[in-house]
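So you can see what is in the structure, the chains are spelled out below.
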Amino acid sequence: MKRVTRVGIALGFAAATAVLSVAPAQADTAAPGSTTTVCAGYPTPAGYVDLGWREPGCWMMFPGGVRVIEKVDGLPVGTQVTACADSPIPAGWTIEKSYLDNSGLACLTVNGVNKITLQRTS
């Protein structure tokens, strides 16, 4: 019985890992301006910005919650979005404003700043 249990746990872990590993790639098919979530352990995909963190986490193997991300690739020039200050800045976007705002989704605060307003410039 122990062997069956160990095999079942190993197969379950492998299946969960496979499902979680495709989640960021699936986000690439999203429409510009749409939001999705990624587990805390995954990097923000290119063309996306971090909007903030929320609980609960992704499975027990990824503690720390999930990040809500927005696809900004493909949005028109002049569009503004609010993101976490530690979010990657996609090509063609510039920081217009940095500030402290504790409303909405949680973002990491560094040097008194936790949010930024980005603008599409090219």
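The written sequence of each chain sets the order in which its residues are numbered from 1. In view of the model being predicted, local features appear only for residues whose pLDDT reaches at least 70, and side-chain atom pairs are presented and counted only at 80 or more, with totals across whole chains, interfaces and linings using the full set of residues. In computing side-chain values, all of the structure's heavy atoms are included and hydrogens and water are not.

*Asks:* Can you lay out the state of the cysteines for me, pointing to particular residues and giving the numbers?
*Replies:* Any two cysteine sulfur atoms within 2.5 Å of one another count as a disulfide. Taken as a whole, this structure holds 1 disulfide when the rule is applied. Each sulfur of the disulfide joining Cys84 and Cys107 lies 2.0 Å from the other. Where Cys84 bonds to Cys107 through sulfur, the torsion about that S-S bond is close to -70°, and the disulfide is left-handed. Note that Cys84 is positioned in strand β4 (residues 80-84) and Cys107 in the loop between β5 (93-99) and β6 (115-120), a separation of 23 residues in sequence. Of the two residues, Cys84 and Cys107, both sit in the buried class. Helix and strand labels come from DSSP, where a helix needs a run of H or I of at least four residues and a strand needs a run of E of at least two; each type is numbered from the N terminus. Think of it in three bands: with a 1.4 Å probe and only protein chains considered, a residue is buried below 20% of the maximum accessible area for its type, exposed above 50%, and partly exposed in between.

*Asks:* Can you lay out the packing of aromatic side chains for me, pointing to particular residues and giving the numbers?
*Replies:* In this analysis, rings of Phe, Tyr and Trp, with Trp reduced to its six-membered ring, are considered paired at centre separations within 6.5 Å, and the interplanar angle assigns stacked below 30 degrees, edge-to-face beyond 60, and tilted for intermediate values. Summed over the entire model, instances satisfying the criterion amount to 0 aromatic pairs. Directly above the aromatic system of Tyr99 lies the positively charged group of Lys97, at a separation of 4.7 Å from the ring centroid. Geometrically, a lysine NZ or arginine CZ counts as sitting over a ring once it is within 6 Å of the ring centre and also within 35 degrees of the ring normal.

*Asks:* Break down unusual backbone geometry for me, with residues and values.
*Replies:* Phi at Asn111 is positive, roughly 55°, even though this residue is not glycine. Secondary-structure assignment places Asn111 in the loop between β5 and β6.

*Asks:* Give a description of the sheet that holds strand β1 (residues 35-39) that names residues and reports values.
*Replies:* Across the sheet, 3 strands lie side by side as β1-β3-β2; this open sheet has antiparallel pairing. Lying at the two open borders of the sheet, with one neighbouring strand each, are β1 and β2 (48-54). Neighbour-to-neighbour, the strand axes of the sheet open up by a mean angle of 35°, direction not taken into account. Strand pairing is assigned whenever DSSP identifies at least 2 bridges connecting the two strands. As judged from the 5 bridges shared by β1 and strand β3 (residues 66-71), these two strands associate in the antiparallel manner. In the strand pairing of β3, Cys39 is matched with Val66. Here an axis means a line fitted to C-alpha atoms, over the contact stretch when the element is a helix, while the angle between two N-to-C directions is reported on a 0 to 180 degree scale.

*Asks:* How would you summarise the nonpolar core if you had to cite specific residues and measurements?
*Replies:* For our purposes a nonpolar core is just a set of buried Ala, Val, Leu, Ile, Met, Phe, Trp, Tyr and Cys residues, chained together by side-chain atoms within 4.5 Å. By size, the foremost hydrophobic cluster in this structure holds 10 residues: Val49, Leu51, Val68, Val72, Leu75, Val81, Ala83, Trp93, Ile116 and Leu118. At the level of elements, β2, β4 and β6 are the ones that each hand at least two residues to this core. Not counting the four nearest positions on each side in its chain, Leu118 is found in contact with Val49, Thr79, Gln80, Val81, Ala83, Ile89, Trp93, Thr94 and Ile95. Within the second largest apolar cluster, 7 residues are counted, among which are Cys39, Tyr42, Cys58 and Val66. Working rule for contacts: check all heavy atoms of both residues, and any pair within 4.5 Å makes them a contact.

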